[in-house]
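# What the coordinates show
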Amino acid sequence: MHLSAAGVSAVLAVTRALAAPFDLNSLLAEITAAACQVLDAERSSVWLHDAATEELFVEVATDLGRLRLPVGVGLVGTCARDRRLINVPDCYADPRFDAAVDRQSGFHTRCTLTLPLVDHRGVLVGVMQVLNKRSGVFGPEDEALAEAVAAQCAVALTRVRMTADLIEGEKLRHEIELARELQLSTLPAVMPTLPGYDMHATFLPASMTGGDTYDLALDERGLLIVLGDATGHGVAPAVSVMQMHAMLRMALRLGTDLETAFRHVNDQLAETLPTGHFVTAFIGLLDARQHRVRFLSGGQGPILHYQSASRRCLRYKATSFPMGAMPLPGRVSALEIALAPGDILALLSDGIFEYEDRGGRAFGVQRVEQILDECRHESPETTSARLMHAVRAFADGAVQEDDVTIVLVKRDGAPDA
């Protein structure tokens, strides 16, 4: 089910709120408050999963104190075991409901939504339970909203738990390592499989963390292709691109069209990023049946389309200013590229084009285009490796000053005669 524009805005607001640094108790309080506000509910609680004992325990829920229950017991335990949303319109009519908590607290539970909190690695973090919708019972749109909020809560809880585990000893070193791990965890673990296409991505930050990000992910609409580059490199830009990445994924997952998602994410970044900070980003959707890529580019360019039949490389400029620089005045229009057999869509961050040798000369666009032509019969993985080898040879030992990211998507087959 697709959410309304108001629902999408509410979830993006939650995403932004949960991106702030929190200790565990403060984050749990923020999550429960956000769930109640978004779902118009009277109460919410978060049960955390203790993997060592296979129990769930609650720390934030008014009047309850700290409770524990085994996985598989009650609505919360059943949700944790099955990892599926449970919508109960009449709790006292459901045999899984335990009224003991109501008797202890004096609260009367009418209806509940219970959702598993599962992180990006598929690990159960906990369970969120929302009680008593003020205007009746929870419906399908409430379920969709709750699942979107739960996905962001799981990420936030994982981040906080990782932070608590890592901030020991040398605090600064651990924080940097955490930022790198978090950033790398947002990147695809493996390349998606798309019949008729081959793809590869390379990410090489200039320091422990970088201001670049990318995504290659399949959904029912096709292949999502993303390349983002925040101003600067290090921890702060890494946070910026992760924020952009999370909001974009959520907006598209909720069924938002490409143009609306781009505008929502841009405007959210414009509100939250410090003055003078922004993210250049290419966001595209490849329809593998029509072999067409629709895209928007906020300040990211040039976008290279190598045409195998003619052995020419077309260059596309950005479609608008960098994301987060200012709110968009209205809807932006996507451009479209048709990929013929053997064609390559090449997205590269500034770290490639602007990589300098010892004399201060930049690698430039023409050298990239030459390598794409030389590697026209090779796989994207081989092409990416050849490109990185050429950049390093050109630099002749010069220090890498900027983050480097390469995303290549190639359509299979020989060029049309």
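Below: a short report on this structure.

Calculation criteria
- Residues numbered from 1 in each chain as written.
- Predicted model: local features only at pLDDT ≥ 70, side-chain atom pairs only at ≥ 80, totals over all residues.
- Heavy atoms only, no water.
- 1 Å grid on protein atoms, 1.4 Å probe; cavity = no way out; pocket = protein on both sides within 12 Å on 5 of 7 lines; lining within 4 Å.
- Points joined across faces, edges and corners; volume = space filled by probe spheres on them.
- Helix = DSSP H or I, 4+ residues; strand = E, 2+ residues; numbered from the N terminus.
- Nonpolar A, V, L, I, M, F, W, Y, C, P; charged D, E, K, R; others polar.
- Phe/Tyr/Trp six-rings, centres within 6.5 Å; stacked < 30°, edge-to-face > 60°.
- Buried < 20%, exposed > 50% of the residue type's maximum accessible area, 1.4 Å probe, protein only.
- Lys NZ or Arg CZ within 6 Å of the ring centre and 35° of its normal.

### Overview of the layout of surface pockets
- Of the pockets and cavities examined, the second largest pocket occupies roughly 380 Å³.
- Together, 23 residues line the second largest pocket, and Trp47, Phe97, Asp98, Val101 and Gln129 are the ones closest to its centre.
- Contributing elements (two or more residues each) for the lining of the second largest pocket: strand 1 (41-50), strand 3 (67-70), helix 3 (74-82), helix 4 (100-105) and strand 6 (124-133).
- Each residue belonging to the lining of the second largest pocket can be placed in one class, and the counts come to 12 nonpolar, 6 polar and 5 charged.

### Observations concerning the packing of aromatic side chains
- One pass over the full model with this rule turns up 4 aromatic pairs.
- Ring geometry for phenylalanine 295 and tyrosine 316: centres 6.0 Å apart, planes at 80°, overall edge-to-face. With phenylalanine 295 in strand 11 (residues 292-298) and tyrosine 316 in strand 13 (residues 312-316), this pair connects stretches of sequence that are 21 residues apart.
- With 5.4 Å between their ring centres and 80° between their planes, phenylalanine 363 and phenylalanine 394 make a pair best called edge-to-face. Placement of the pair is phenylalanine 363 in the loop between helix 9 (350-353) and helix 10 (364-374) and phenylalanine 394 in helix 11 (residues 380-395), with a sequence separation of 31 residues.
- Accessibility expressed as a relative area gives 13% for phenylalanine 394, which makes it buried.
- Connected via pairs of aromatic rings, a cluster forms that spans Phe282, Phe295 and Tyr316.
- One cation-aromatic arrangement involves arginine 43 over phenylalanine 107; the distance from NZ or CZ to the ring centre is 4.3 Å.
- The ring of phenylalanine 363 is capped by arginine 367, whose NZ or CZ atom sits 6.0 Å from the centre of that ring.

Geometric values such as these leave the question of function open.
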